[in-house]
Amino acid sequence: MSIPGLPGLGQDLGRRFTVTGALPVLAVMLTVLVELGAGAPAQPPSRQQLTQTLMSLTAGEWTLLVLVLIVGALLLQPLQRPTVRLMEGYSLLQGPARLIGIPLLALWQRRWDRLEARQRVTEPNAADLPAMVDAAARLRRLPRERDRLLPTRLGNTLRAAEDRPGDDYGLDVVATWPLLYPLLPERTAAMVDDARDQLDAACRLSGSFALMGVISAALLPLGWWTLLAFTMVVLAALAYRGAVHAAYAYGELVYAAVALHRFDLLAALHLPLPDTPEQERDRFLALSRQLRQGWPGTKAYQHDT
């Protein structure tokens, strides 16, 4: 489960809907409509046929077309989170998709093992240091525990972001983020929101380009038109890489927000602040269990007088 994005504070909902929802959906729908209007799949698409089709539309049909595009964007907007989860690879560990997911997971496990061994050379010399630094940087984008790996790069990047606050402070960021987020200063929240928008937009664009590639391959004849479908697939891959980089930036900002404002959460809940790192970890573990599993709280409240 990826860290939820909560709109608010520094986030412009209109811009978010336009960037992450409307534009990718409109791109898919317009691509399909243009290909159909140009004559596909009955004949090779042509500009003349497209022009003729557009000129034949009445004012009512143009109005209906615009309404269909807007309603389609609205209906598909709630699918943003399932789209991200799909790209994280959770579905590849269930049902028949395991035939793909299990080999991918094994590949990531072998990569994790190699990086872990490379950065833990007991007596490194000067020649080993660049490889050790590179391995440590790559492991920072992966979960610290091998059994937390997922089959995709995006999934591992986001899971690493989820796990770091728990590893360092005992705080389950997925469970506590809805409470911590409203306490963030406006500037910090705006930075987190912007990073989340970039992640969601890149994921939606990647999925949209992939869908356009599949539809174009089905509608367009073989030949030069096949390059269009291939181009869409390449763009989907590039957008996916952008999503991975956006996920890493988002995770770094979430971690910074937790590191700087985690005690604000305790103060807002009127819970006593810890005196030692050990107390802090125990307190956040208990709070995380309470929020995640509904366990009762065990600490007395502390009210300022």
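Residues numbered from 1 in each chain as written. Predicted model: local features only at pLDDT ≥ 70, side-chain atom pairs only at ≥ 80, totals over all residues. Heavy atoms only, no water.

Undergrad: Tell me about the nonpolar core, residues and numbers included.
TA: Counting residues in hydrophobic clusters, the biggest one holds 32 residues, and the most contacted among them are Leu-154, Trp-177, Leu-199 and Tyr-250. Among the elements that make up this core, the one with the highest residue count is helix α10 (residues 226-268) (11 residues). In this structure, Ala-135, Leu-139, Leu-142 and Leu-149 belong to the second largest nonpolar core, which totals eight residues. (Core = buried A, V, L, I, M, F, W, Y, C linked by side-chain atoms within 4.5 Å. Buried < 20%, exposed > 50% of the residue type's maximum accessible area, 1.4 Å probe, protein only. Helix = DSSP H or I, 4+ residues; strand = E, 2+ residues; numbered from the N terminus.)

Undergrad: Describe unusual backbone geometry, naming the residues involved and giving the relevant values.
TA: The peptide bond linking Ala-40 to Pro-41 adopts the cis configuration, its omega dihedral lying at -5°. By the secondary structure assignment, Pro-41 is in the loop between α1 (13-37) and α2 (47-56). Of note in this structure, His-270 is not a glycine but carries a positive phi near 60°. Position of His-270 among the secondary structure elements: in the loop between α10 and α11 (277-293).

Undergrad: Give a description of the packing of aromatic side chains that names residues and reports values.
TA: For the structure shown, the criterion picks out three aromatic pairs. For the ring pair Tyr-169 and Tyr-255, a centre distance of 6.0 Å and an interplane angle of 20° mean the geometry is stacked. Of this pair, Tyr-169 sits in helix α7 (residues 153-169) while Tyr-255 sits in helix α10, and the two are 86 residues apart along the sequence. The two residues Tyr-169 and Tyr-255 agree in class, both being buried. Across the ring face of Tyr-169, the terminal group of Arg-262 is positioned such that the distance to the ring centre comes to 4.0 Å. (Phe/Tyr/Trp six-rings, centres within 6.5 Å; stacked < 30°, edge-to-face > 60°. Lys NZ or Arg CZ within 6 Å of the ring centre and 35° of its normal.)

Undergrad: An account of α10 is needed here, citing residue identities and associated values.
TA: Since there are 3.6 residues in each turn of an α-helix, residues three or four apart along the chain are aligned in direction. In this model α10 runs 58 Å from its N-terminal to its C-terminal C-alpha over 43 residues, within 8% of the 63 Å that 1.5 Å per residue would give. Of all the bends in α10, the largest measures some 55° and sits at His-261. His-270 sits one or two positions beyond α10 and adopts a positive phi of about 60°. (Expected span 1.5 Å × (residues − 1). Bend = angle between axes of the 7 residues up to and from the residue.)

Undergrad: Let's hear about the environment of Leu-238: which residues, and what values?
TA: One can find Leu-238 in helix α10. Along the primary structure Leu-238 and Ser-206 are separated by 32 residues, whereas in three dimensions their C-alpha atoms are 7.6 Å apart.

Undergrad: Could you give an account of the packing of α7 against α10, naming the residues involved and the relevant values?
TA: At a closest axis distance of 8 Å, the pairing of α7 and α10 adopts a crossing angle of 10°. Classified by the interaxial angle, the pair formed by α7 and α10 is roughly parallel. Facing Arg-153, Leu-154, Thr-157, Leu-158, Ala-161, Arg-164, Pro-165, Asp-168 and Tyr-169 of α7, the residues of α10 in contact are Tyr-240, Ala-243, Val-244, Ala-247, Tyr-248, Tyr-250, Gly-251, Glu-252, Tyr-255, Val-258, Ala-259 and Arg-262. Tallied by class, the residues present in the contact of α7 with α10 amount to 14 nonpolar, two polar and five charged. (Axes fitted to C-alpha atoms, helices over the stretch in contact; angles between N-to-C directions. Parallel < 35°, antiparallel > 145°, perpendicular 65-115°, else oblique. Contact = heavy atoms within 4.5 Å. Nonpolar A, V, L, I, M, F, W, Y, C, P; charged D, E, K, R; others polar.)

Undergrad: Describe the pattern of salt bridges, naming the residues involved and giving the relevant values.
TA: In this structure the tally under the stated criterion is 12 salt bridges. Where Arg-138 meets Asp-134, a salt bridge forms, and the shortest distance between an N and an O atom there is 2.9 Å. On the criterion of helical spacing, the pair formed by Arg-138 and Asp-134 is a turn pair, its members being four residues apart in helix α6 (residues 129-139). Classification of Arg-138 by relative accessible area gives partly exposed; the value is 47%. Overall, Asp-134 belongs to the partly exposed group, its relative accessible area being 32%. Linking Arg-196 and Asp-200 is a salt bridge whose minimum nitrogen-to-oxygen distance equals 3.2 Å. (Salt bridge = Lys/Arg side-chain N within 4 Å of Asp/Glu carboxyl O.)

Undergrad: I'd like to hear about the packing of α7 against α11, residue by residue, with values.
TA: The geometry of α7 relative to α11 is characterised by a closest axis approach of 8 Å and an angle of 135° between their N-to-C directions. The orientation of α7 relative to α11 falls into the category oblique. Touching Gly-166, Asp-167, Asp-168 and Tyr-169 of α7 are Glu-280, Arg-281 and Phe-284, all from α11. Each residue belonging to the contact of α7 with α11 can be placed in one class, and the counts come to two nonpolar, one polar and four charged.

Undergrad: With reference to specific residues and values, describe the confidence of the model for the protein.
TA: Per-residue confidence for the protein gives a mean pLDDT of 86; residues scoring 70 or more make up 90%. Mean pLDDT per element in the protein: α1 is the minimum at 70, and α7 is the maximum at 95. Here residues 7-11 is a poorly scored stretch, pLDDT under 50, and it has 15 contacts once near neighbours within four places are set aside; other chains count. (pLDDT = per-residue confidence, 0-100.)

Undergrad: I'd like a description of helix α8 (residues 173-180), backed by residues and values.
TA: The buried fraction of α8 amounts to six of the eight residues, a majority that puts the element mostly inside the structure. Every buried residue of α8 is listed here: Val-173, Val-174, Ala-175, Thr-176, Trp-177 and Leu-180. On its buried side, α8 packs onto α7, α9 (186-219), α10 and α11.

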